[in-house]
Every structure is written in C-alpha cells, then in structure tokens.
Amino acid sequence: MIDPYAPVSPGAPPWTEPPRLPVQPGTGRFLVLACVFVCAACGLVYELELVAFASYLIGDSITQASVVLSVMVFAMGIGSLGAKRLRWHAAVGFGAIETALALVGGCSAMALYAVFAWTGGWGGIWADGPCCLLVGFSLAIGLLVGAEVPLLMELIQRIRRQDAGGAVADLFAADYVGALVGGLAFPFLLLPFLGQLTGALLTGSVNVVAGSALVLGLFRRDLTRRARWTLLVAGLAVLGVLASAAVLAGDFEAAARRAVYGPDVRVAAQTDVQEVVLAGGTHGKPLDLFLDGRLRAGGRDERRYHEALVRPALSGPHRRVLILGGGDGLAAREVLRHKGVSRVDVVELDAGLVRLARHDPGLSSLNAHAYDNPRVHVTTADALSWLRRAPAGRYDVVLADLPDPGITASTRLYSQEFYGLTRRVLTPDGRLAVHAGPVSARPRVFWTVEATLRAAGFSTTPYRVLRHDTGPDRSAGTSRTPRDWGFLLSTPGPRSPRPHLGLRPSTLTDADLTADVAAARLTRVPGLRPSTLAHPQY
C-alpha cells in the first residue's frame, strides 16, 4: 500500500523542462510554503473547534477529546494514501481539496450546534446522533487535511527539484509553525473576539482564498481553461456560503441557545475562561446559570445546593471563610447570613463571571449583592496556585464550590495535592466542605474524591441532598438514577464531623442530610486508591 519510492507515472517522460510559473522559482517556492503555513493553521483551528464542541455540548471528558484527535489523525493517514492518485493532477487536486475543506471545516461548528440544539433531546435511535456527527466531521476533515501534504510536496518539487529530505524538512517546518499559530489564534483571538461559529467561518474563508490563490495564481498554466473556471466558481460559491452564514450567525446562535437553554436566555458571554449563559432572573422568572453548557445554578434548587454546601461547614467556628470558586456569589450570600463572619475571601478564576455577579440585575439580586458587602474580598486567580502562596492556619472554614469533578479540566482541583494545600490553610479545628458530584449517578467519582480527602489527612462525613429541578444540563448523561448532590464535610485529624445545620430557618432540615448519609454509605465503591491526581471515572 505504501510505496518505497515515488514512481513516475507510466509512460510519462521525466521532468526536463523548467516549470511554467509566472514568478521566479524562489518566489514560487516561498508562496507554496506560505500556503502550507496558512492551511496548517486552518486545519488545527478546525481540530480545536471540534474538541471544543465535544467539551461544551456533548460533555467534557478525556474520551471525547481522544476520539476527535485519534479519528482525525487516522483519517489524515488515509487521506495521504488516497492523495497518491492525484499527484499527476496536483494543482487541480489541491484546489479542489482546499475548497471542500473550507466548506466542511467552516460549516462544521454551525452544523454541530444545529444538530445538538434541535435534535439532541430526541433520544431513541438518535440518542447518539450528535456524537456520530462529531466523529463524521472529524473523519472528513482529517481525510482532507491528510491529502494536502502529498499534493503540496508534488507542487513544491515541480518548482525546483531537490533531495527528498530537504523538501520534507521545508514542508513540515512551514506546516508545524502554521499549526502553532493556529493553535494560539483559536483560544486567544478567534474564540474570545469572534466566537466559535464566526471563528470557524472566517477560518474557512481564509482557507479557500489561500488554496485558490495558490492554484489559480501560481499554477494556472497547469490547468485547463475548464478546470480554472470550475475552481474559480466553486471557490466563489463556498465564499458566498460562508459569508452568508457569517451574516446569519448571530440570529442562528440566538435561536440555537433558546433551543438548548429555553426561551428566557438574557445573557450569553464568552469570558476568558468559559461560556456563561444566564436565563431568566428578571420579571419574577427563576434564574438559571450555565457554565460551558452545564447547569451551575438552577431555579429553586439553587438555594438547596448552596445551603447544603455552606451551613454544615459553618456550624462550628467560622470567623474567617475561604470560598474556592463560587464566582457567582451565591455561596458568599449563604456565608453572610451567619453571624460572627468577619471576612470572606473568594478565589475565582473567571473575572467575567464575577463582573456578571456584581452587575447583572438577575444574578446580583439572586446573590443578594454579596460583592457589595465590605467583608467580601475577591481575588482573580487559579485556586491551586493561590493555595500554594496562602498563609497557613488562616481560615476556620473552606468551601470548595468548584466545577463538577466529572469534568476533565477540574480534576486537579480534586487532587491529593489540592486537599493537602487546603488542609494547610485551615485552623486545627477548621472544616472543609466539598461538592463531590452526584452519589447515585456516579458513585465511583464521589468515593474517589472521598478517598483522596482521607489520603490528604482529612476525616470525612459524606452526605447528599436530592435535587428537584434538573434543567437542560448536558453533562448529566442519560442515567435514570435519582438526581442528587453529593457533599463531603471534612476536618483535619481522625474525628469525623457531623453535618449539623443549626437552628436557622432553611429549605433543608437535619433529617434531609442525616437520612441520606446512611443511604450514601451503602453505595461506597470498595477498592479505590487515592492518587496524586483524582481521575473521576463515569
């Protein structure tokens, strides 16, 4: 299947005549390498776009990212093999491939969003439809990207013959540098300034312009008149499709968000860290807060969650409280309800979420304007890095109001190192409360976090609270087990704390928690070993 050398086409004479180029060979070679650079950058943007959608819409896990990357790399190999048959028509083949790649890659984000938004809840045979479409786009883009390299190698050798090693080195150098630029442009330029949909459409436009300009400008004498017009019309048609989609992207995205999050979407912002969506919260409607497509605070259940996280931990000494995460201000609101709190430190990575919690009318009303309280001090920082510099023995209570442990990006915030640093900042009789994911749906995740806490020197008491409102939380999977929140109340040393709520009025009672502790213990998964980094498994 793989040739040991590049054969000459049967009956074709060796290349003896100089290439028919409108520029000098050196300039032509530079233009080909520049096109390699641009196409590599576009290809990596398409790849990162698919990985981002796998994370935002289908669920963040190592499995999703691995599937996208492995399918694309496999398809690139198949595409390279398939491109051997096009080498004797390298110019027209490369132009056709770039036109197709621009259309498929540029529209992939919009197509995936549409399928997920309007068909993601169908279930039945189509339950895995969005996942299958994701794999299909990964396969198609990988095939087209893989076919680029053999054709570009053919084109660059036609300009000036050189040894294979030198040609490969030049080609791959431009390819890898372009991939670097594309990889940096996606998170720092395209995503924050244009968004996923418009960023993908712009990338497709750049892709088709670069490919068509190279073929129709530099190698036009190698094309027949019919081929030139066909490529020109096809390129203009793809540009027209991408431009039309870009004009409609705003309305499309608004309609898709309403389909996913409901009709009351008010705010949709892409911060430096994540996508934040607020639905409702005004005119008497309950507020739903979504972070990267996951329901973070929903309806009337929001208060149950934050009371369950805060009240048991504050039943002991609580003069100084540290909240890790909790940028929405809702945990701080619950802390401030307790007398005797003199200082609340909030360490939140997402400054954009904190701004919304301060100024958005719905969210600031829900958190009772907690950030206006002089006792609350906010630091924008990564929680793990901040803990490394924090003074020892400073806090009576630490509340870990962090993303779900089932999200790959947050696993280091449930690691043994993280809990060891947390223990260092606690007073000897301090308390740590951790949200450890649903007990019924993912018991292995919950008990892995508990085992890691014990390995870090904590004694733990697990408890859970049933939830009522589920909302369109795409990270929950299709499990039919009861939806709940699992928590771990921990103290340094050998004595386990009791999750007592105290006597203040609350939507929870002591019976809600203590009855569920016994039920939760029955689901303990045996044989779990703590690790330096907790790897939640579904």
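Residues numbered from 1 in each chain as written. Predicted model: local features only at pLDDT ≥ 70, side-chain atom pairs only at ≥ 80, totals over all residues. Heavy atoms only, no water.

Enquirer: Outline the confidence of the model for the chain, supporting the account with residue identities and numerical values.
Expert: Averaged over every residue, the pLDDT of the chain is 84; the share at 70 or more is 84%. Segment residues 531-538 is flagged for pLDDT under 50; beyond a separation of four residues in sequence, or across chains, it makes 24 contacts in the model. (pLDDT = per-residue confidence, 0-100. Contact = heavy atoms within 4.5 Å.)

Enquirer: Hey, could you go over the environment of His306 for me, with residue numbers and the actual values?
Expert: Structurally, the position occupied by His306 is in helix α7 (residues 301-310). The spacing of His306 and Leu330 is 24 residues in sequence and 6.9 Å in space, taken between C-alpha atoms. The residues touching His306, leaving out its near neighbours within four places in the chain, are Asp328, Leu330, Ala331, Arg333, Glu334 and Asp401. A distance of 3.0 Å separates a polar atom in the side chain of His306 from the backbone oxygen of Glu302. (Helix = DSSP H or I, 4+ residues; strand = E, 2+ residues; numbered from the N terminus. Polar contact = N/O pair within 3.5 Å; in protein donor to acceptor, adjacent residues only side chain to side chain.)

Enquirer: Mind laying out the sheet that holds strand β11 (residues 484-492), listing which residues take part and the relevant values?
Expert: Taken in spatial order, the seven strands of this open sheet run β7-β6-β5-β8-β9-β11-β10, and their pairing is mixed. The open sheet has two edge strands with one neighbour each: β7 (376-380) and β10 (458-466). Going across the sheet, the axis of each strand differs from the next one's by a mean of 15°, ignoring polarity. Here strand β5 (residues 320-325) pairs with strand β6 (residues 343-348) via five bridges, running parallel. Note that in β6 the partner of Val321 across the bridge is Val344. In the packing of helix α13 (residues 443-455) onto the sheet, contacts are made with β9 (426-437), β10 and β11, and the angle to β10 comes to roughly 155°. (Pairing = 2+ DSSP bridges. Axes fitted to C-alpha atoms, helices over the stretch in contact; angles between N-to-C directions.)

Enquirer: Give me the environment of Ala34: which residues, what numbers.
Expert: Turning to its location among the elements, Ala34 is positioned in helix α1 (residues 25-58). For Ala34 and Gly178, which are 144 residues apart along the polypeptide, the C-alpha to C-alpha distance reads 8.9 Å.

Enquirer: Talk me through the packing of aromatic side chains; I want residue IDs and the actual numbers.
Expert: This structure, assessed with the given rule, holds 11 aromatic pairs. Centroid distance Tyr113 to Phe252: 6.3 Å. Interplanar angle 80°. Geometry classified as edge-to-face. You can see Tyr113 sitting in helix α3 (residues 90-119) and its partner Phe252 sitting in helix α6 (residues 225-261), a full 139 residues away along the chain. These aromatic residues form a ring-pair network of at least three members: Phe53, Tyr113, Trp118 and Phe252. (Phe/Tyr/Trp six-rings, centres within 6.5 Å; stacked < 30°, edge-to-face > 60°.)

Enquirer: Summarise the pattern of salt bridges; cite the residues concerned and give the values.
Expert: Taken as a whole, this structure holds 19 salt bridges when the rule is applied. A salt bridge links Arg311 to Glu307, with the shortest nitrogen-to-oxygen separation between them at 4.0 Å. Where Asp484 meets Arg464, a salt bridge forms, and the shortest distance between an N and an O atom there is 3.0 Å. With Asp484 in strand β11 and Arg464 in strand β10, this residue pair connects regions lying 20 residues apart in the sequence. A relative accessible area of 13% means that Arg464 is categorised as buried. Shared partners join several salt bridges into a network, and the residues in it are Glu302, Arg303, Glu307, Arg311, Arg333, Glu334 and Arg337. (Salt bridge = Lys/Arg side-chain N within 4 Å of Asp/Glu carboxyl O. Buried < 20%, exposed > 50% of the residue type's maximum accessible area, 1.4 Å probe, protein only.)

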